[in-house]
Amino acid sequence: AAGGGGVSPTTQSSGEWKLDMDQLQSALSPRTRMLILNNPHNPTGKVFTREELEEIASIVRTHPHCTVVSDEVYEWMVYDDNKHERFATLPDMWERTLTVGSAGKTFSVTGWKIGWAIGPKNIIQAIMNAHQYIPFSVSTPMQEAIAVAFELAQERNYFKWLKDMYQKKRDKLLKSLTEAGLTPVVPQGSYFIFANTRAIKLTGTEGQEKTITGMGMHLRDWNICRWLTTEIGVAAIPPSSFYSEKHASLPAEYARFCFCKTDEVLDEAHKRLAKIPQTKNYAPPETDKTVA
């Protein structure tokens with residue numbers, strides 16, 4: 001298992017999450033026109049190895065009409081000794097891959113809504129044609145600012161600073177979640193942490209009665225996240241929102257936390273999360289008789 005300062009040795013690494021290549025192969029057909037790949041991955045924080053990407057590429061090669069949209073918006077947020085590999089650099093993949101990046105993630109300006117797409121001329125031309133009639137354009141001064149930021153990034157060693165800054169925040173939140181009795185998955189990339197919430201037990205209508213929208217009342221992860229927000233004061237995202245309705249129950253024991261926050265906010269979150277073991281809803285795994 002991977003870890004940072006103060007992380008339990010039983011903590012899982014996002015690298016242990018594997019894509020079932022046989023299942024991927026069976027999901028594609030002659031009718032498949034697009035495969036969306038997210039690396040580094042949200043919400044798990046997994047960074048695919050080159051070997052894993054080559055396996056995906058070998059499957060894509062058997063489907064000549066399939067284009068890959070590679071969402072790599074967290075490419076600069078890769079931690080420890082992990083390395084981000086661009087899918088388009090693999091043999092035969094440039095001609096059929098559209099790589100998507102984000103200024104919002106790279107330079108912490110999500111409100112600017114500026115990104116980029118890299119790919120072969122035929123795909124980029126099609127995007128430009130659609131772009132003309134959908135968003136039309138974004139703010140020119142902000143585009144210029146992003147261009148200048150890229151020009152200065154290498155000179156100022158910005159990307160290393162970004163990685164180091166977020167890795168410290170990652171380790172801070174990992175420590176808080178672990179000390180709160182949860183079991184976090186150490187992310188190799190992105191700025192999210194998946195945490196196992198099995199130690200929190202809800203009864204009756206807990207997590208349901210304070211809903212505003214009525215969404216996800218039948219799903220444990222939604223109710224856990226509502227409970228964390230209203231009773232502990234720390235908001236998390238129910239990961240079933242990333243799943244189809246058919247598979248919504250799969251991440252029932254997880255919640256997604258975010259560490260792209262100021263240190264002051266993370267310190268306050270540490271204090272609030274520390275309340276979890278003091279609640280009647282907390283049942284440590286070692287004393288939890290319902291777990292085999």
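Whatever comes next refers back to the structure up there.
The following refers to the structure shown. Remember, it's a predicted structure, so these values are computed and weren't measured experimentally.

### What about the pattern of salt bridges?
A side chain with one charge may pair with a side chain of the opposite charge, provided their charged atoms come close. Overall, the coordinates contain 18 salt bridges when judged by the stated rule. Residue K160 is joined to D164 by a salt bridge in which the shortest nitrogen-to-oxygen separation is 2.6 Å. Residue K160 and its partner D164 are located together in helix α6 (residues 158-179), separated by four residues, close to a single helical turn. Overall, K160 belongs to the partly exposed group, its relative accessible area being 46%. Its relative accessible area of 29% is what places D164 among the partly exposed residues. Via salt bridges that share partners, R50, E54, K83 and E85 belong to a single interconnected network.

### Focus: the environment of T44
Note that T44 resides in the loop between β2 (34-38) and α2 (50-60). You can call T44 buried: its relative accessible area is 7%. Linking T44 and F192, residues 148 residues apart in sequence, is a C-alpha distance of 7.2 Å. Separated by 2.9 Å, the side chains of T44 and H41 make a polar contact. There is a polar contact of 3.3 Å between the side chain of T44 and the backbone nitrogen of K46.

### Quick notes on the packing of α6 against helix α8 (residues 263-273)
Two numbers describe how α6 lies on α8: the axes approach to 9 Å, and their chain directions differ by 10 degrees. Judged by the angle between their axes, α6 and α8 are roughly parallel. Contacts between α6 and α8 involve K169, K172, L173, S176, L177 and E179 from the first element and D263, L266, D267, H270 and L273 from the second. Tallied by class, residues from the contact of α6 with α8 come to four nonpolar, two polar and five charged.

### Focus: the nonpolar core
One finds Y166, L177, L228, F257, F259, L273 and I276 to be the most contacted residues of the largest nonpolar core, which totals 40 residues. Counting residues per element, the ones that place at least two in this core are α5 (140-153), α6, β7 (192-196), α7 (220-232), β8 (254-258) and α8. With eight residues, α6 is the largest single contributor of residues to this core. Discounting chain neighbours no more than four positions away, the residues touching Y166 are M77, Y79, S108, Y191, F259 and C260. Within the second largest apolar cluster, 16 residues are counted, among which are I56, I59, C66 and L90.

### Section: the packing of aromatic side chains
Taken as a whole, this structure holds 17 aromatic pairs when the rule is applied. An angle of 70 degrees between the planes, with centres 5.1 Å apart, marks the rings of Y191 and F192 as edge-to-face. Judged by relative accessible area, F192 falls into the buried class, the value being 6%. Ring geometry for F194 versus Y254: centroids 5.2 Å apart, planes at 20 degrees, classification stacked. With F194 in strand β7 and Y254 in strand β8, this pair connects stretches of sequence that are 60 residues apart. Y254 matches F194 in its accessibility class, with the two residues each being buried.

### A closer look at the sheet that holds strand β1 (residues 12-13)
Taken together, four strands build an open sheet; the order of strands is β1-β6-β7-β8 and the sheet is mixed. The open sheet is flanked by β1 and β8, the only strands paired with a single partner. The sheet contact formed by β7 and β8 spans five bridges and is antiparallel. Along β8, the bridge assignment pairs N196 with Y254. Of the strands in this sheet, β6 (183-186), β7 and β8 touch α6, which is tilted by about 155 degrees from β6.

### A few points about α7
With 13 residues, α7 should reach 18 Å at 1.5 Å per residue; the first-to-last C-alpha distance of 17 Å fits that figure. On its buried face, α7 sits against β8 and α8. G233 sits one or two positions beyond α7 and adopts a positive phi of about 90 degrees.

### A word on the state of the cysteines
Here the structure, examined in full by the defined rule, presents zero disulfides. The structure places no disulfide on C225, whose sulfur is separated from the nearest cysteine sulfur, that of C258, by 13 Å. For C225, a relative accessible area of 3% translates into the label buried. We note that C258 lacks a disulfide partner, and the nearest cysteine sulfur, in C260, lies 3.0 Å from it. We classify C258 as partly exposed; its relative accessible area is 22%.

The rules behind each value
Residues take numbers from 1 onward in each chain, read along the sequence in its written order. Whole-chain, interface and lining totals are the exception, using all residues; otherwise, since this is a predicted model, local features are given only for residues with pLDDT of at least 70 and side-chain atom pairs are given and counted only at 80 or more. Note that water and hydrogens are dropped before the side-chain values are worked out from all heavy atoms of the structure. What makes a salt bridge here is a side-chain nitrogen of Lys or Arg within 4 Å of a carboxyl oxygen of Asp or Glu, nothing more. A run of DSSP states H or I qualifies as a helix once it reaches four residues; a run of E qualifies as a strand once it reaches two. Both are numbered from the N-terminal end. Three labels apply to residues, based on accessible area from a 1.4 Å probe with only protein chains included: buried if under 20% of the type maximum, exposed if over 50%, partly exposed otherwise in between. In protein, a polar contact requires one atom able to donate a hydrogen and another able to accept it; more generally it is a pair of N or O atoms within 3.5 Å, and residues adjacent in sequence count only if both atoms are side-chain atoms. Lines fitted to the C-alpha atoms define the axes, with helices restricted to the stretch that makes contact. Angles between their N-to-C directions range from 0 to 180 degrees. Orientation categories follow fixed angle ranges, with anything under 35 degrees roughly parallel, anything over 145 roughly antiparallel, 65 to 115 roughly perpendicular, and all other angles oblique. Contact definition: two residues touch when any of their heavy atoms are within 4.5 Å. All amino acids are sorted into three groups, where Ala, Val, Leu, Ile, Met, Phe, Trp, Tyr, Cys and Pro are nonpolar, Asp, Glu, Lys and Arg are charged, and the leftover types, Gly among them, are polar. As used in this record, nonpolar core signifies buried Ala, Val, Leu, Ile, Met, Phe, Trp, Tyr and Cys residues forming a set joined through side-chain atoms within 4.5 Å. Side-chain rings of Phe, Tyr and Trp, where Trp is taken by its six-membered ring, are said to pair if the distance between their centres is within 6.5 Å; with planes under 30 degrees apart they count as stacked, over 60 as edge-to-face, and otherwise as tilted. A pair of strands is treated as paired once DSSP finds two or more bridges between them. To estimate how far a helix should reach, multiply one less than its number of residues by 1.5 Å. In plain terms, two cysteine sulfur atoms within 2.5 Å form what is called a disulfide here.

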